Amino acid sequence: MAEHTIQFAPLDRCHAFLTLCKTPVHGDGVLAGIPVAVKDNISTQGIETTCASKILKGYVPPYDAHVVTLLKQAGAAIAGKTNMDEFGMGTTTENSGFFPTTNPHDPTRVPGGSSGGSAAAVAAGMVPMALGTDTGGSIRCPAAFCGCVGLKPTYGRVSRYGLIAYANSLEQIGPLAGNVTDVSRLMQVIAGYDPRDTTSYDRPYAHMPEADIAGLKMGIPEEYFGAGVDPAVAASVHRAIDQLEALGATPVPCSIPSMAYALAAYYVICTSEASSNLARFDGVRYGLCADTKKSWHDAYREVRRAGFGTEVRRRIMLGTFALSSGYYGKYYAKAQVARENVKKDFTRILSDVDVIVGPTMPTIAFKLGEKADPLSMYLSDILTVPANLAGIPAISVPCGKVQGMPVGLQVMGRPFEDERVIDVAFSYEQVVRS
Amino acid sequence: MTETGIIVGLEVHCQLDTKSKLFCGCSTDYRSDGPNTHVCPVCLGLPGSMPVLNKRAIEFAMRVAKALNCTVIRESEFSRKNYFYPDLDKAYQITQYDKPLAEGGYIEIESDEGGEKRVQLTRIHVEEDPGRLVHMGNPERGKYSLVDYNRAGIPLIEIVSEPDMRSAKEARKFLNKLRATLEYLGVFDSEKEGSLRVDANISIVGSERVEVKNISSYKGVEKALNFEVTRQKNLIRRGLKVERETRHFLEGRGITQSARSKEQEHDYRYFPEPDLRPLQVQSWVKDIVLPELPDARRERFIAQYGCSLNHARTLTGELRLANFFERVVAPDTGLCSLAATWIADTLKGELNYRDMSIDALDPGSFTRLCQLVKSDTITDKSAIEVLRVMLDERRAAHTCETPIEIVNRLNLKKTSGDASALTAIIREVIAENAKAVEDYRAGKNGAMNFLVGCAMKKTRGRSDPKDLNREIALALKPVDV
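Residues numbered from 1 in each chain as written. Chains lettered and ligands numbered in written order. Predicted model: local features only at pLDDT ≥ 70, side-chain atom pairs only at ≥ 80, totals over all residues.

S.K.: What is the right way to read the overall build of chain A from this model?
M.R.: Along its length, chain A carries 12 helices and 13 strands. Over its C-alpha trace chain A gives a radius of gyration of 20 Å, about what one expects of a compact globule, namely 22 Å for 434 residues. Across its three principal directions, the C-alpha atoms of chain A cover 70 × 60 × 45 Å. Taking contacts inside chain A between residues at least 6 apart in sequence as the whole, the part at least 24 apart equals 75%. (Helix = DSSP H or I, 4+ residues; strand = E, 2+ residues; numbered from the N terminus. Rg over C-alpha atoms; globule rule 2.2 N^0.38 Å. Contact = placed C-beta atoms within 7 Å.)

Structure follows, in structure tokens:
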């Protein structure tokens, strides 16, 4: 395979990148020479990978994540590693251990998170496409806030091998791009079975977006337009739904009662898994170096205190508590029951309708520093976490602006019908463009 | 020591003898290589790596489950056991918790009262071995530890028994039977260093139970349990209570030591491993064909070779010993009873003494040695000498002379046939021991044994004591005048 290099030296006004690769090499293939930004929690051989955490400063993976191997095989040029909330824990990218990324549409606002760097890099025109990861909305939220398109694939459709785990049972790697077509192109490259991720499925994606959605039934859950959702955002999404109706889709009002417990269940599960996943960062093998003169548990304590940010420490503590003996049944086991109920609700609704449509985020992008209270930040995930709990595909596509800031339309579908949510987003995008 | 009123249960961890590790493709054959040479992102726990279950390890574990009469669970599951320790690369061990691979089952052992006894099993599960710490340095120059992840990810099977054993000896028998069964199944090699680790729960009836961790040898189990029985009985005798606690066995000193106070007890925060799917392998059970197991082989040895029960038990108690025996007698079935005695009684002891594996010895040589004994070419005593030479040469150079070469070199051929040589020696003995001769003539029976002993010494064990006895008696026979 022929190797070429490209020059990649964009002006990074919104601090989207943690690492820039200025002359990345690339081969031939469907993405030949296209610079693709990769979120910093996806392992890249020879390129520092930190999850935007000080504890991984200096860690250079000796191997590529499966998706990175696939990108390289498709000829893409790895343009750099993008900023994020540390280990994916956040909705603003302000929780980066290094610096916050700003919104390309308004430097006083956040880009959303946790894949804020990837979304900002795309929205600012630095790269045409990027990889993000979505544990509870981390692709869709910044896509909505920055005005680009982001897909969280069906759980298992994209290999997680090489993705530094935050919450294994919830997260997926997915594409972000300026338009649905590019999201689809990137999805074609990264989807498929990988024997190294035994939770992945042999469901490759080989689809060209189609705009014909005549006869489609779209569920409109009342919970997606309830309290906490900015009326201006809701209005914007309603206009989009009207346009989809004009294209031949039929809106069907529905309800997801289990959503009352979705957020609580989500935060118990993701913090529990995180408390275990992040335990390996002890300064013994990589990243920040433990003081070898100390006893090992003192050294661990010191490294972890110095290396992890506040939000990460908070979530580790929460998860450790939820898994403790005597509390497991009260929290983790109950959260799993709630998760099953969310799945059942989605299965039930999606047996009547083809897709579920609503806003991606309840508001437009926050001002920097606005979500200082962690609970109010957690609450803003309410519309995105259900898709992760249910493992279903969900896409965010821009649908108008409020106060000059982009709004995201979210389309969720049946498991392994990523093609369908892409088609709905594509047909909407065609209308808006024309 | 009286061992009545004690209750023992064992948790036995054995390394499954697969070619690759439990969750990655790294080779398990690490013992002769340098530290951290059999590692990859998965077994190093590098960020982003994911486990892929080794089917072979599960199949091995299921062979064990079937052989031990366990029930394989319809859907079992891997869980994470979370704790911090430098040898644990991910800071959690992937193991099985509330949904183990198999439950129930039993192992039959010979009970202390004689007769067979069933030790019930609680469960069998599969888990990964952690790495290993090597402690370096001395107190003056500072202590430090090095970590080797070669062992990280080696598949282990954990077999948990019910508290059904009543003595340290029964525990030893349980372990021996388990080891033999695992070896017969081809899933375990007891000769690999560190391939077995045992935690023992022991209590005196009516008292708290104590868990002894870290026992890494077969002999250690009996030692540790005996130590605990004495310790616990002494406490009770002095009117003190046995604390419920975990203790460590210090192999070198043969004692147990309190491990940690309750405040420091771990909360392992088990939860299902999200990177692995649940295991549905019950349907495999019917396809597993078990080989001949120790009990069946023991019965066959009795029936086919005429072995005594004890010899058959000893020989079939270790796979290598049983295989060796069958190879020795294959070319010459007339050797059966002789070879059984020599292997079970003599060879096993000589090997243990040298800490050698029977693999070092070639069965063909042993056949020839047995033939020399059977044909009366050498005495039992000389045969032991030949065997020792063979073993020592093997150990030093991995090769050895043939038995007949050794016999010739050391001039060990039995002298009985050579009557004139014997006569000369007897004449010497009689001449040198006038007192004993007198005693013999006076009717003291012990005197003859003494004279035979002197003659044996002179022939360096080459002559048969029976022959010597006869010849000396003949020589001292009162001459009719």
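There's plenty left to go through after this.
S.K.: I keep staring at unusual backbone geometry and nothing clicks. Help me out?
M.R.: Apart from glycine, the bulk of residues carry a negative phi angle, and the bulk of peptide bonds sit in the trans form. With an omega dihedral of 10 degrees, the bond running from G113 of chain A to S114 of chain A counts as a cis peptide bond. Its place among the elements puts S114 of chain A in the loop between β5 (77-82) and α2 (116-123). Phi at T93 of chain A is positive, roughly 65 degrees, even though this residue is not glycine. Given 36 C-beta atoms within a 10 Å radius, T93 of chain A is considered buried. With phi around 80 degrees, N214 of chain B is a residue other than glycine that occupies positive phi space. Take N214 of chain B: it is sitting in strand β12 (residues 210-215). (Buried ≥ 20, exposed ≤ 12 C-beta atoms within 10 Å, placed from the backbone.)

S.K.: Explain the pairing of strand β4 (residues 35-39) of chain A here, please?
M.R.: On any regular strand, side chains alternate: one points to one face of the sheet, the next to the other face. All names here are of chain A. The element β4 is extensively covered by neighbouring structure, given that 5 of its 5 residues are classed as buried. The alternating pattern of β4 places P35, A37 and K39 and V36 and V38 on opposite faces, both of which are buried. By the bridge criterion, 5 bridges tie β4 to β5 in an arrangement that is parallel. Across the sheet, the residue bridging to A37 is G80, located in β5. You can see the chain leave β4, run along helix α1 (residues 66-73) and come back into β5, and the turn it takes is right-handed. Pairing analysis gives 3 bridges linking β4 to strand β6 (residues 129-134), with the strands arranged parallel. (Pairing = 2+ DSSP bridges. Right-handed = clockwise from strand over helix to strand, strands pointing away.)

S.K.: For this particular structure, what's the right way to read the pairing of strand β8 (residues 172-177) of chain A?
M.R.: Residues and elements named next belong to chain A. With 6 of its 6 residues buried, β8 lies for the most part within the structure. Of the two faces of β8, the one lined by Q172, G174 and L176 and the one lined by I173, P175 and A177 are each fully buried. Sheet topology note: the β6/β8 ladder contains 6 bridges and is antiparallel. Residue pairing for β8: L131 is matched across the bridge by P175. Examined bridge by bridge, strand β7 (residues 149-152) and β8 share 2 bridges and lie antiparallel to one another. Following the sheet pairing, V149 is matched in β8 by A177.

S.K.: Any chance you could explain the interface of chain A and chain B here in plain terms?
M.R.: Often, the extent of an interface is quoted as the loss of accessible area on bringing the components together. Between chain A and chain B, the residue contacts involve 34 residues of the former and 25 residues of the latter. Secondary structure elements with two or more residues in the side of chain A that touches chain B: α6 (259-277), α7 (296-307) and α8 (310-323) of chain A.

S.K.: Please clarify how helix α6 (residues 319-329) of chain B should be interpreted in this entry.
M.R.: The α-helix winds at 3.6 residues per turn, so residues separated by three or four positions along the chain end up facing the same way. For α6 of chain B, the full list of buried residues reads L319, A322, F324, F325, V328 and V329 of chain B. In the core, the buried residues of α6 of chain B are packed alongside α2 (168-184), α4 (294-305), α5 (309-316), α7 (336-354) and α8 (363-374) of chain B.

S.K.: It is not clear to me how the sheet that holds strand β15 (residues 271-272) of chain B should be interpreted in this structure. Could you clarify?
M.R.: Two pairing modes exist for strands in a sheet, parallel and antiparallel, and in both the strands are linked by backbone hydrogen bonds. Strand order in the open sheet made by the 3 strands is β4-β3-β15 (chain B), with antiparallel pairing throughout. Two strands lie at the open edges of the sheet, namely β4 (92-95) and β15 of chain B, each paired on one side alone.

S.K.: For this particular structure, what's the right way to read the nonpolar core?
M.R.: In a soluble, globular protein the nonpolar side chains are often hidden away together inside. Of all hydrophobic cores here, the largest spans 144 residues; its most connected members are V36 and A425 of chain A. Looking at this core element by element, the count peaks at 10 residues for α6 of chain A. If sequence neighbours within four positions are ignored, V36 of chain A has contacts with L31, L71, A76, A77, I78, A79, V127, M129, A130 and L131 of chain A. V72, L101, I157 and I202 of chain B belong to the second-largest nonpolar core, a separate cluster that totals 101 residues. (Core = buried A, V, L, I, M, F, W, Y, C linked by C-beta atoms within 7 Å.)

S.K.: What exactly am I supposed to notice about α7 of chain B here?
M.R.: All names here are of chain B. The end-to-end C-alpha distance of α7, which contains 19 residues, comes to 25 Å, matching closely the 27 Å that a straight helix rising 1.5 Å per residue would cover. At I343, α7 shows its largest kink, close to 40 degrees. Lining the buried residues of α7 we find α4, α5, α6, α8 and α9 (380-397). Downstream of α7 by a residue or two, D355 has a phi angle that is positive, lying close to 55 degrees. (Expected span 1.5 Å × (residues − 1). Bend = angle between axes of the 7 residues up to and from the residue.)

S.K.: It is not clear to me how the sheet that holds strand β13 (residues 405-413) of chain A should be interpreted in this structure. Could you clarify?
M.R.: Residue and element names in this part refer to chain A. Sheet architecture is open: 11 strands sit in the order β2-β5-β4-β6-β8-β7-β12-β13-β11-β9-β10, paired in mixed fashion. Looking at which strands have only one partner, the edges of the open sheet turn out to be β2 (17-20) and β10 (250-254). Ignoring strand direction, the axes of neighbouring strands in this sheet form an average angle of 30 degrees. Looking at chain direction, β2 and β5 are connected through 3 bridges and run antiparallel. Residue L20 lies in a different strand from β5, and its bridge partner there is G80. (Axes fitted to C-alpha atoms, helices over the stretch in contact; angles between N-to-C directions.)

S.K.: Before we go on, may I ask you to explain the domain arrangement of chain B in this structure?
M.R.: All names here are of chain B. Considered domain by domain, chain B is made up of domain 1 (6-287), domain 2 (294-409) and domain 3 (419-475). Here the C-alpha centre of domain 2 lies 33 Å away from the C-alpha centre of domain 1. At the junction of the two partners, domain 1 supplies 8 residues and domain 2 supplies 6 residues. Here the element with the most residues in the side of domain 1 that touches domain 2 is α2; it accounts for 6 residues. Looking at the side of domain 1 that touches domain 2 residue by residue, the class counts come to 2 nonpolar, 2 polar and 4 charged. (Domains from an automatic or database assignment. Nonpolar A, V, L, I, M, F, W, Y, C, P; charged D, E, K, R; others polar.)

S.K.: What is the right way to read the packing of α2 of chain B against helix α3 (residues 218-237) of chain B from this model?
M.R.: The packing of two helices is summarised by the inter-axis angle and the distance between the axes. Residue and element names in this part refer to chain B. One can describe the packing of α2 onto α3 by two numbers: an axis separation of 9 Å at closest approach and a directional angle of 160 degrees. It follows from the interaxial angle that α2 and α3 lie roughly antiparallel. Of the two elements, α2 crosses α3, and the hand of that crossing is right-handed. Taken together, the residues of α3 that come into contact with α2 (itself represented by A168, K169, A171, R172, L175 and N176) are Y218, V221, E222, L225, N226 and V229. Looking at the contact of α2 with α3, its residues break down into 7 nonpolar, 2 polar and 3 charged. (Parallel < 35°, antiparallel > 145°, perpendicular 65-115°, else oblique. Left-handed = near helix turned anticlockwise from the far one by under 90°.)

S.K.: How should the packing of helix α5 (residues 231-246) of chain A against helix α12 (residues 418-433) of chain A be read in this particular structure?
M.R.: Residues and elements named next belong to chain A. In contact at an axis separation of 10 Å, α5 and α12 are set at 95 degrees when each is read in the N-to-C sense. As the angle between them shows, α5 and α12 are arranged roughly perpendicular. Each of A240, Q243 and L244 in α5 lies in contact with α12, whose residues at this interface are V424, Y428 and V431. Its residues assigned to classes, the contact of α5 with α12 comprises 5 nonpolar, 1 polar and no charged.

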